[in-house]
Amino acid sequence: MNSQSGSLSSESRKSRPLSSPASATDALLRTDRVGKLYPDGQVHALSEVSLEVGRGEHLAVMGPSGSGKSTLLNVLGTLDRPTEGEIYFQGRPLSALSSRNLDRYRSQELGFVFQSFHLLPALTALENVQIPMFETPLAPRDRARKARRLLEVVGMGHRASHQPKQLSVGERQRVAIARALANDPLVILADEPTGNLDSVSAAAIMEIFDQLHGQRGVTIVMVTHDADLARRAQRIVRMQDGRVLEPTRSR
Ligand SMILES: Nc1ncnc2c1ncn2[C@@H]1O[C@H](COP(=O)(O)OP(=O)(O)O)[C@@H](O)[C@H]1O
Ligand SMILES: [Mg+2]
């Protein structure tokens, strides 16, 4: 994994042209019969989930409330551990990574976007975007410069000095996406990123995802309830009762 995060070279290393649909040989992320039983759980939040996410793929995950969508994103992002099965990133089992390499995977290769943004209220947009960069050797001036550039990518360059409370919810989500991009992740894991947004703001967020996917080759795994937004992904995976159902379409 890279140790040069934040540099232009790491960006070019990671940016890739649009790949063809996922194939068995080019999975960036793969789950092999992953199960999750929470300690107090009566039912399996995940059961026998075998899923491949192709390099550069844009995947939407849909399913009723309680079907395991958030649990799936959390285990992919190592915010939580599966109780059965294995997850592979670039062919390497996550369970074999040292805690240091797991931290690195989480902070350097992944970007998280949540329904409720999770911005720090006392910080400006520019400062919020820099938070993940504190774990990198980037100099303060470079951090700020990069954060400003990422705010411009999401159309928020003019709001850099604003705090979250001074922003609309749609604007807050844009800042959260800029923060997710701080370390040039290969993958963005987004859990209902438009769930708190009106349809216009939601469409704007989807534009940003389309752009990240199309122009930067970022792999996106996005949970959504919105069928119209899900259709903009390359593939829709449906979940029910902790299981992944047969894929219904791909383009
Ligand atoms: N921390 C937890 N402890 C126990 N059960 C949980 C926990 N988180 C989720 N669950 C259960 O796991 C199942 C899947 O939840 P979740 O992944 O949040 O579903 P979704 O995101 O699709 O709504 C649900 O039955 C939920 O109640
Ligand atoms: Mg959820």
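Below is a short write-up of the structure. (Residues numbered from 1 in each chain as written. Chains lettered and ligands numbered in written order. Predicted model: local features only at pLDDT ≥ 70, side-chain atom pairs only at ≥ 80, totals over all residues.)

What to know about the overall build of the protein chain
Next up, step 1: From N to C terminus, the protein chain includes eight helices and ten strands.
Next up, step 2: Taking all 251 residues of the protein chain together, the buried fraction comes to 44%.
Next up, step 3: By sequence separation, contacts in the protein chain at least 24 residues apart represent 73% of the contacts at least 6 residues apart. (Helix = DSSP H or I, 4+ residues; strand = E, 2+ residues; numbered from the N terminus. Buried ≥ 20, exposed ≤ 12 C-beta atoms within 10 Å, placed from the backbone. Contact = placed C-beta atoms within 7 Å.)

A few points about the site of ligand 1
Next up, step 1: Near ligand 1 lie 13 residues; those nearest to it are Tyr38, Ala45, Lys69, Ser70 and Thr71.
Next up, step 2: Of the residues assigned to the shell around ligand 1, the class counts are three nonpolar, eight polar and two charged. (Near = placed C-beta within 6 Å. Nonpolar A, V, L, I, M, F, W, Y, C, P; charged D, E, K, R; others polar.)

Re helix H2 (residues 69–76)
Next up, step 1: Along H2, seven of the eight residues are buried, which leaves the element largely enclosed by surrounding structure.
Next up, step 2: For H2, the set of buried residues is Lys69, Thr71, Leu72, Leu73, Asn74, Val75 and Leu76.
Next up, step 3: Looking one or two places after H2, you find threonine 78, whose phi comes out positive at around 55°.

Re the sheet that holds strand E6 (residues 110–114)
Next up, step 1: Ordered by their spatial adjacency, six strands build an open sheet running E6-E7-E8-E3-E9-E10, and the pairing between neighbours is mixed. Pairing within the sheet leaves two strands with one partner each, and these edge strands are E6 and strand E10 (243–244).
Next up, step 2: In this structure, strand E7 (residues 187–191) lies alongside strand E8 (residues 219–223), joined through five bridges in parallel fashion. Across the sheet, aspartate 191 pairs through a bridge with valine 223, a residue of E8.
Next up, step 3: Against the sheet, helix H7 (residues 199–216) engages strand E3 (58–62), E7 and E8, with an angle of about 155° to E8. (Pairing = 2+ DSSP bridges. Axes fitted to C-alpha atoms, helices over the stretch in contact; angles between N-to-C directions.)

Examining the environment of alanine 176
Next up, step 1: With respect to the helices and strands, alanine 176 occurs in helix H6 (residues 169–180).
Next up, step 2: The buried category is assigned to alanine 176, around which 27 C-beta atoms lie within 10 Å.
Next up, step 3: Residues alanine 176 and asparagine 128, spaced 48 residues apart in sequence, show a C-alpha to C-alpha distance of 7.9 Å.

A short note on the sheet that holds strand E1 (residues 27–36)
Next up, step 1: With respect to topology, four strands assemble into an open sheet ordered E2-E1-E4-E5, the strand pairing being antiparallel. The sheet terminates laterally at strand E2 (46–54) and strand E5 (92–93), the two strands that pair on one side only.
Next up, step 2: Relative to strand E4 (residues 84–89), E1 is paired through five bridges, and the arrangement is antiparallel. By the bridge assignment for E4, aspartate 32 is matched with glutamate 86.

Some remarks on the environment of leucine 59
Next up, step 1: Position of leucine 59 among the secondary structure elements: in strand E3.
Next up, step 2: Each C-alpha atom of the pair leucine 59 and alanine 230 lies 8.2 Å from the other, and the pair is 171 residues apart in sequence.
Next up, step 3: In contact with leucine 59, other than residues within four places in its own chain, are Val53, Ile220, Val221, Ala233, Gln234, Arg235 and Val237.

Comments concerning the pairing of E3
Next up, step 1: A large share of E3 lies buried, amounting to five of its five residues.
Next up, step 2: In E3, alternate side chains face the same way, and those of His58, Ala60 and Met62 on one face and Leu59 and Val61 on the other are all buried.
Next up, step 3: Two strands pair when backbone bridges link them, and E3 and E8 are joined in this way by four bridges, in the parallel orientation. Each bridged residue has a counterpart across the sheet, and for leucine 59 the counterpart in E8 is valine 221.
Next up, step 4: Bridge count between E3 and strand E9 (residues 235–240): four bridges; the pairing is parallel. By the bridge assignment, leucine 59 is partnered in E9 with arginine 235.

Describing unusual backbone geometry
Next up, step 1: Even without a glycine there, the phi angle at histidine 118 is positive, about 60°.
Next up, step 2: With respect to the helices and strands, histidine 118 occurs in the loop between E6 and helix H4 (125–130).
Next up, step 3: Classification of histidine 118 by C-beta neighbours within 10 Å gives partly exposed; the count is 13.

Topic: H6
Next up, step 1: Under the 1.5 Å per step criterion, the end-to-end length of H6 is 16 Å for twelve residues, consistent within 8% with the ideal 16 Å.
Next up, step 2: When we look at burial in H6, the residues that qualify are Glu171, Arg172, Gln173, Arg174, Val175, Ala176, Ile177, Ala178, Arg179 and Ala180.
Next up, step 3: The elements touched by buried residues of H6 are E6, H4, helix H5 (140–153), E7 and H7. (Expected span 1.5 Å × (residues − 1).)

Re the pairing of E6
Next up, step 1: With four of its five residues buried, E6 lies for the most part within the structure.
Next up, step 2: In this structure, E6 lies alongside E7, joined through five bridges in parallel fashion. Across the sheet, residue glycine 111 finds its bridge partner in E7, namely isoleucine 188.

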